[in-house]
Amino acid sequence: MLAIALALSTVAQSGAPVPCGVHVSPEAAARRLNDIRHRGVACPSGATSTSVTVAWNDRLADAAQVQAREMARLERMSHRDSQNRGLGERLRVAGYRFGTAVENVAVGFASIDDVVDAWLESDGHCENVMNSAVREFGLACIDTGATGAPEERRYWALVLAAPPRSR
C-alpha cells in the first residue's frame, strides 16, 4: 500500500496532537533529504540529482503539521484540507510567499526512512523530493493514536517550496 505525507505529532483519542512516535530533528530531516538530493536517485521517470540543498522552514513545517493533522482527523489522505484548499492557498494562509511549492503526503510508514523510500519509488513524489527549484521544506507526522500498526494510523506531510525570485 503506497500512500504518502510528513510533521511529527500524534492525535490522541481526545483529538489533541501527541508525539508521532517518530522523532526526527529538523537537522536530521535536512541531512536525509540533502543526502538523497546530492547523491541522486533513479526516479521512475529517470535518474535525477541536484546540488541544491534544502533547509528547514518553520512556516512550511507548520503548514505540513496542519495538513497532517487534518488528514488524521478526517482519516483520509489528501492534498486538500477540509475547506477544500490546495497547497497554494494553505501556504498563503500560513503567510508563506512562494514561487514554487510541492507537497508529498502519505499514510502509514513507521519511520522517516520508510516514508521517504516510498516517495522515491513513486514518480511524482520522487520528482518533488528531487525538484531543484525548491530551497526549503517542512515535514510532519501525525498519529491518530488508534491501536494497530503505524502503517494504519500515521499521516505524513512534506512541503517543499521556494520564495519568489527577487528581481
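Residues numbered from 1 in each chain as written. Predicted model: local features only at pLDDT ≥ 70, side-chain atom pairs only at ≥ 80, totals over all residues. Heavy atoms only, no water.

Chemist: Explain the pairing of strand β6 (residues 100-107) to me, please; I cannot follow it from the model alone.
Modeler: In the case of a regular strand, side chains alternate between the two sheet surfaces. Burial runs high along β6: six of the eight residues are buried. Here β6 pairs with strand β8 (residues 154-162) via eight bridges, running antiparallel. Bridge assignment links E103 to a residue of β8, and that residue is V159. (Buried < 20%, exposed > 50% of the residue type's maximum accessible area, 1.4 Å probe, protein only. Helix = DSSP H or I, 4+ residues; strand = E, 2+ residues; numbered from the N terminus. Pairing = 2+ DSSP bridges.)

Chemist: Quick question: what am I supposed to make of the state of the cysteines here?
Modeler: A complete count under the given rule lists one disulfide for this structure. Between the sulfur atoms of C43 and its disulfide partner C126 the distance amounts to 1.9 Å. Disulfide C43-C126: torsion about the S-S bond near -75°, hence left-handed. Here C43, found in strand β3 (residues 41-43), pairs with C126, found in helix α5 (residues 123-130); they are 83 residues apart in sequence, far enough to count as distant. Residue class for C43 comes out buried when judged on its relative accessible area of 4%. Taking relative accessible area as the criterion, C126 reaches 0% and is therefore assigned buried. (Disulfide = S-S within 2.5 Å.)

Chemist: Help me out: how do you make sense of the nonpolar core in this one?
Modeler: A general feature of soluble globular proteins is that nonpolar side chains tend to end up buried together. In this structure, F137, W156 and L158 are the most contacted members of the largest nonpolar core, which totals 27 residues. Going through the elements one at a time, α1 (26-39), β3, β6, α4 (112-120), α5, β7 (136-143) and β8 are the ones with two or more residues in this core. Element by element, the count of residues in this core is highest for α4, at six residues. Judged by nonpolar contacts, the second largest core, of 17 residues, contains Y96, Y155, V159 and A161. (Core = buried A, V, L, I, M, F, W, Y, C linked by side-chain atoms within 4.5 Å.)

Chemist: Explain α4 to me, please; I cannot follow it from the model alone.
Modeler: One turn of the α-helix equals 3.6 residues, which is why residues spaced by three or four share an orientation. Of all the positions in α4, only I112, V115, V116, A118, W119 and L120 are classed as buried. The inward-facing, buried residues of α4 abut α1, β3, β6, α5, β7 and β8. (Contact = heavy atoms within 4.5 Å.)

Chemist: Honestly, the side chain of E103 in this entry has me stumped. Any pointers?
Modeler: With respect to the helices and strands, the residue E103 is situated in strand β6. In this structure the side chain of E103 is engaged in a polar contact, spanning 2.9 Å, whose partner is the side chain of H79. If sequence neighbours within four positions are ignored, E103 has contacts with Q67, H79, L87, R90, N128, L158 and V159. (Polar contact = N/O pair within 3.5 Å; in protein donor to acceptor, adjacent residues only side chain to side chain.)

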